[in-house]
Amino acid sequence: MCDDELIPPSADMTEDEWLRRDPSLGEGSVGQRVREMRALRRRSVLGGVVAGAAALAVLPGQTRAAAAARAQEPGKFPLPTGPNRAGEYAVLLTGDAGTGEESQHAVAAAAREVCEAQGVSLAVGLGDNIYENGPESDHDSEFRSKFEDPNSGLDMPWLMVLGNHDCSGLIPGSGGDPSRGDREVSYARSSRRWYMPSRYYNVALPAADGAQSDPLVEFFALDTNPVTSYVMQTDPHYYWNGPYMRDQRAWLDGALKASRARWKIVLGHHPYLNNGKHGSAGSYDGFVIGNYTSGIHLKELYEEVVCGRADAILSGHDHTLQLLEPTARTGGTRQIVCGAAAKSGDGKAHFNHPSTWQNFSDHGFMLLKVSDRAMTVEAYTVDVATRKASLAHRTRTATPVAGARV
C-alpha cells in the first residue's frame, strides 16, 4: 500500500473479511474506491478472462533469442544491442511512478535531461505502474496518462514489473487480484516503450555489438505479488504455494543457474531488505505471521534462490531511495530501493540495515551503469518545482558476486 493508505487490521484475511472486520473502511474516499472497484469488477469479468487467456500464450522465461526478437518488432523501441560510447550500458531506474501527477512529470523531465547526457538506452519500472487500482483493460486510458505522456522523450524500452497497486482487488493496493496484471502484459503488445513479455521474464544484453560472447548483464524480472499481498489470495492458482509461485521459483532458480552474464540483476517490486516504513520481507508493516502480509515466503525466495547469485535486487514499494550494503547475510547481493519517482517518504529511517546512502524525503531516480570493469549506481534527487536533478551519490562495485553460489 501507499504510505498514505491504511494497513490491514489483521494478517491473512480475505478482502471481504477485512471489510466485515472493519466497516469503517467502507466509508469516505477509501469506501468510494471500494464501491468503484466492485462495479468495475462486475463490468470487466469477461474482459479479464479474455486478457488472461491471451496472456497464457506468452511463456515466462523466454529464451534470449525469443525475447530479443519480440523487442525488435516494428514500431517498438529496440533493446540495446551493445554498450554505449563509454563502454557500458546505462539504465534508468524508477519505481512507484504511475500517478500522472506533477511530481511524476517533474521526475521524468529531470531524468530525461540526465539520460540524454549519459547515453541511457534502457529503463526499468519497478512496479505500481498504474495507481491506485491498476488498469481496467489492456487499453485503459491510464496507460497514456500515467505512463506514456509523462515519459515522452524517454524513448527506449522499459522493463516493467508488477506492483501491488497493479494487482488491486476490492481494496486499492491490496495485491488481492494478481490476475489483473495480465492486462499490463497485454498492453506491452501495443506500446513502443512498455516491455513485459510475460508476468516474469529475463532479458540479457550482449557484451559488445554483435558479439557472440557471454552477456554483459542479465535482468530477471519477478512478480512478487502472490507472496506479499495485504490480503489472503482466493484463487488457488496464486496461493503462496500454488502452481504459479512454484513455477516462478523453478524458473528463477534455473535461469540464474544457467546465466553466463557477468552481472546479474533481479527486479522485484517488493524489497528483501528495506529501512523505510514498509520494512523488510518477512515482517512487512510489522506483521510476522501468516503466509501473505508479512512477505515471509518472498524472504525465503530471495534468501534461497537470489542471495549470493545476483549482484543486486532492485525494488520499489517504499517511496524512498536506498543503496544498502551487501553483507554476509545477503551473500554479497546489494539491495537497492528506488520508489520515489512520484511519491516521497516520511523523512526518516525506520530500520538500520547497513547502508551506503539513503534518502527518505526527496523524489528521485537512479542510473545503473554496467561495463566489463564495474557496476556503478548513481542516485539522483529531484526538485519538483524546477524539474532539475542533482547527483546525490555514486557507488561502484568492481567484483561481481554472480556465480559465487551455484
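These notes cover the structure that comes with them. Because the structure is predicted, anything quoted here is derived from the model rather than measured.

1. A closer look at the sheet that holds strand S14 (residues 388–397)
Strand order in the open sheet formed by seven strands is S4-S3-S2-S1-S12-S13-S14, with mixed pairing between adjacent strands. Edge positions in the open sheet fall to strand S4 (194–195) and S14, since each of these has one partner strand only. Against the sheet, helix H5 (residues 102–118) engages strand S1 (89–94), strand S12 (363–370), strand S13 (375–383) and S14, with an angle of about 30° to S12.

2. Some thoughts on the sheet that holds strand S11 (residues 355–359)
Strand order in this open sheet of seven strands is S5-S6-S7-S8-S10-S9-S11, and the pairing throughout is mixed. Pairing within the sheet leaves two strands with one partner each, and these edge strands are strand S5 (201–205) and S11. Averaged over all pairs of adjacent strands, the angle between their axes in this sheet comes to 15°, without regard to strand direction. Pairing geometry for strand S6 (residues 217–221) and strand S7 (residues 263–267), over five bridges, is parallel.

3. Points about the side chain of Asn 359
Its location among the elements puts Asn 359 in strand S11. A distance of 2.9 Å separates the side chain of Asn 359 from the backbone nitrogen of Ser 361, its partner in a polar contact. Look past the residues within four positions of Asn 359 in its chain and what remains in contact with it is Thr 320, Leu 321 and Thr 381.

4. Some thoughts on the pattern of salt bridges
Within this structure, the stated rule accounts for 18 salt bridges. A salt bridge links Lys 343 to Glu 132; its shortest N-O distance comes to 3.4 Å. Placement of Lys 343 in the loop between strand S10 (334–338) and S11 and of Glu 132 in the loop between strand S2 (122–125) and helix H6 (142–148) is noted, with a sequence separation of 211 residues between them. Of the residues examined, Lys 343 reaches a relative accessible area of 16% and is grouped as buried. As a salt-bridge pair, Lys 146 and Glu 142 come within 3.0 Å of each other at their nearest N and O atoms. Here Lys 146 and its partner Glu 142 are both found in helix H6, four residues apart, which amounts to about one turn of the helix. Looking at Lys 146, the relative accessible area reads 12%, which means it is buried. Overall, Glu 142 belongs to the partly exposed group, its relative accessible area being 25%. Within the structure, one salt-bridge network assembled from shared partners comprises Glu 136, Arg 180 and Arg 183.

5. Some thoughts on the packing of aromatic side chains
Enumeration over the complete set of coordinates arrives at eleven aromatic pairs. When the centroid spacing of 4.9 Å and the interplanar angle of 75° are considered together, the rings of Phe 147 and Trp 194 count as edge-to-face. In this pair, Phe 147 is assigned in helix H6 and Trp 194 in strand S4, connecting sequence segments 47 residues apart. Overall, the relative accessible area of 3% leaves Phe 147 in the buried class. Ring geometry for Tyr 200 and Trp 251: centres 5.1 Å apart, planes at 45°, overall tilted. Of this pair, Tyr 200 sits in the loop between S4 and S5 while Trp 251 is found in helix H8 (residues 243–258), placing the two residues 51 residues apart along the sequence. Each of the two residues, Tyr 200 as well as Trp 251, counts as buried. An aromatic cluster of at least three residues, connected via ring pairs, comprises Phe 143, Phe 147, Trp 158, Tyr 187 and Trp 194.

6. As for the nonpolar core
Ranked by internal contacts, the top residues of the largest apolar core, which has 64 residues, are Leu 92, Leu 159, Phe 219 and Leu 267. Tallying contributions element by element places H5 first for this core, with six residues. When residues no more than four places from it in sequence are discounted, the contact partners of Leu 267 are Val 124, Leu 126, Leu 159, Val 161, Phe 219, Phe 220, Ala 221, Leu 222 and Leu 314. Among the nonpolar cores identified, the runner-up in size contains 25 residues, and Leu 256, Ala 310, Ile 313 and Leu 324 belong to it.

7. A look at the pairing of S1
With six of six residues buried, S1 lies mostly within the body of the structure. Side chains of S1 alternate between two faces, with Tyr 89, Val 91 and Leu 93 and Ala 90, Leu 92 and Thr 94 buried alike. Taken together, the five bridges between S1 and S12 define a ladder with antiparallel strand orientation. Following the sheet pairing, Leu 93 is matched in S12 by Met 366. Note: S1 against S2, four bridges, orientation parallel. Considered in S2, the bridge of Thr 94 is made with Gly 125. In this region the chain leaves S1, passes through H5 and returns to the parallel neighbour S2; the handedness of that crossover is right-handed.

Thresholds, definitions, all that
- Counting restarts for each chain, with residues numbered from 1 along the sequence as it is written.
- For a predicted model such as this one, the threshold for reporting local features is a pLDDT of at least 70, and the threshold for listing and counting side-chain atom pairs is 80 or more; totals across whole chains, interfaces and linings nevertheless cover every residue.
- To get the side-chain values, all heavy atoms of the structure are used, and hydrogens and water are removed first.
- One bridge is not enough; two strands pair if DSSP finds at least two bridges between them.
- Elements are defined by DSSP. Helices are runs of H or I of four residues or more, strands are runs of E of two residues or more, and each kind is numbered from the N terminus.
- The criterion used for residue contact is that any of the two residues' heavy atoms lie within 4.5 Å.
- Between N-to-C directions, angles cover 0 to 180 degrees, with each direction set by a line fitted to C-alpha atoms, over the stretch in contact for helices.
- Here a polar contact is taken to be a pair of N or O atoms separated by no more than 3.5 Å, where protein atoms must pair a possible hydrogen donor with a possible acceptor and residues adjacent in sequence count only if both atoms sit in side chains.
- Salt bridges are defined by distance alone: a side-chain nitrogen of Lys or Arg within 4 Å of a carboxyl oxygen of Asp or Glu.
- The classification of residues rests on relative accessible area computed with a 1.4 Å probe and restricted to protein chains. Under 20% of the type maximum is buried, over 50% is exposed, and intermediate values are partly exposed.
- We call Phe, Tyr and Trp rings a pair once their centres come within 6.5 Å, taking the six-membered ring for Trp, and we label the pair stacked below 30 degrees between planes, edge-to-face above 60, and tilted otherwise.
- Nonpolar core, defined: a set of buried Ala, Val, Leu, Ile, Met, Phe, Trp, Tyr and Cys residues in which side-chain atoms within 4.5 Å join the residues together.
- For a crossover, the right-handed case is the one in which the path from the first strand over the helix to the second runs clockwise, viewed with the strands pointing away from the viewer.

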